[in-house]
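# Chains, contacts and geometry: an overview
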Amino acid sequence: MSASAYVQLVDLAKYFGKVKALDGFSLDIAEGELVALLGPSGCGKTTALRALAGLQELDRGKMIVSDKDITFQNANKRGMGMVFQAYSLFPHMTARENVEYGLKLRAHKTTGDNRSSRSNELLELVGLSSHANHFPYQLSGGQQQRVALARALAISPKVLLLDEPLSALDAKVRTQLREEIRRIQMELGTTTLFVTHDQEEALSIADRVGVMRNGQLEQIAAPAELYDRPKTAFVAEFVGLTNPISGKVSGGSIEILGGVVKTLPGSITSGEGIALVRPESIDVVASNSGNARIFSVSFLGSSCRLSISMADGSRITAQLPSPDAVGLTAGAKVKVSLLDLPVFVKALG
């Protein structure tokens, strides 16, 4: 663990009978950093967040924040701000009163004027100044979640904890609000742990993304590194889309689709393997002499996803910028090749 880390989670373990929710989970978070945790259901990401919040007792491990051991500290003494998936606003309070709630619990530290000033400041920060006197039922889902965020930030938390806060919102609002969360987090410099099942969400706003599996951290890295240079087959297959294509490995390379590409560290080093190839790493051009044929085309806006039937009967997926896919229609014969990008290769079986 890094001695300079602001948050240190060390060897956390939590067992529910035979289920290992956390099994030696460790994580460092730098001050002002936003770290997102990804993983399949039951991997332990929410358990880790709840443990840091003080809402989940541990069977083993240590938690340190700003050089202070908080492992056995009560939740209300930890100085955490938390935003849940459910908005959890008090229905009988206005937006301003909801934001002020945490400050009122610290009445010995804040006067009424200070609470009002702070709540107004946070509502302005989340773009809801004009809705300060509205009750939750008068606010949209996105607006309610903004109030919940402002409430969590009002107490100037040591760490902001976000537990899938956007999953109940529609796609457009979710995109807008995640950008707002990132803007506010960077503006305030708040150390943040974000749990989500949405890969695009995690990759688009986090400084680093951690992928969990069976209660452990499989890999943590900057979004681009995690996507382009996975260290395990699980990470390669879990994050984004891949095409499993078999080929022969030797000398740090694999022969697939009529070409040779380098393998990533952690791949098998010899023998028959399965390359996990990203759709955007596959180049497709119309060709009457091609031995592949487009099965279907899905328009995704800025890109097009092509399902391609190969000569051996297998099917692969390619993704091209929409301008490059003009003229590539279902039934067209094409030539398929690989871009010169390294791939992760796992063993057969």
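Thresholds, definitions, all that
Residues numbered from 1 in each chain as written. Predicted model: local features only at pLDDT ≥ 70, side-chain atom pairs only at ≥ 80, totals over all residues. Heavy atoms only, no water. Pairing = 2+ DSSP bridges. Helix = DSSP H or I, 4+ residues; strand = E, 2+ residues; numbered from the N terminus. Axes fitted to C-alpha atoms, helices over the stretch in contact; angles between N-to-C directions. Expected span 1.5 Å × (residues − 1). Buried < 20%, exposed > 50% of the residue type's maximum accessible area, 1.4 Å probe, protein only. Parallel < 35°, antiparallel > 145°, perpendicular 65-115°, else oblique. Left-handed = near helix turned anticlockwise from the far one by under 90°. Contact = heavy atoms within 4.5 Å. Nonpolar A, V, L, I, M, F, W, Y, C, P; charged D, E, K, R; others polar.

### Considering the sheet that holds strand β11 (residues 243-250)
Within the open sheet, the five strands sit side by side as β13-β12-β11-β14-β20. Their pairing is antiparallel. Looking at which strands have only one partner, the edges of the open sheet turn out to be β13 (259-262) and β20 (344-347). Put simply, the sheet's adjacent strands are angled 45 degrees from each other on average, direction ignored.

### Quick notes on helix α4 (residues 141-154)
With 14 residues, α4 extends 20 Å from end C-alpha to end C-alpha; this agrees with the ideal 20 Å at 1.5 Å per step. With respect to burial, α4 is a largely interior element, 12 of its 14 residues being buried. By the burial criterion, the buried members of α4 are Gly-142, Gln-144, Gln-145, Arg-146, Val-147, Ala-148, Leu-149, Ala-150, Arg-151, Ala-152, Leu-153 and Ala-154. Just past α4, the residue Ser-156 takes up positive phi, approximately 50 degrees.

### With respect to the packing of helix α2 (residues 95-104) against α4
A packed helix pair is summarised by two numbers, namely the angle formed by the two axes and the spacing between the axes. For the pair α2 and α4, interaxial distance at closest approach is 7 Å and the crossing angle is 25 degrees. Here α2 lies roughly parallel to α4, going by the angle between them. Note that α2 runs across α4; the crossing there is right-handed. Together, Ala-95, Asn-98, Val-99 and Leu-103 of α2 and Val-147, Ala-150, Arg-151 and Ala-154 of α4 make up the contact between the two elements. Its residues placed into classes, the contact of α2 with α4 shows six nonpolar, one polar and one charged.

### Quick look at the packing of α4 against helix α5 (residues 171-188)
Contact pair α4 / α5: the axes reach a minimum separation of 11 Å and the direction vectors enclose 20 degrees. When the axes of α4 and α5 are compared, the pair comes out roughly parallel. Remark: the crossing between α4 and α5 carries right-handed chirality. Residues Gly-142, Gln-145, Arg-146, Leu-149 and Leu-153 of α4 form the contact with α5, whose own contacting residues are Val-173, Leu-177, Glu-180, Ile-181, Ile-184 and Leu-188. Classifying every residue of the contact of α4 with α5 by side-chain character gives seven nonpolar, two polar and two charged.

In short, geometric facts, not functional conclusions.
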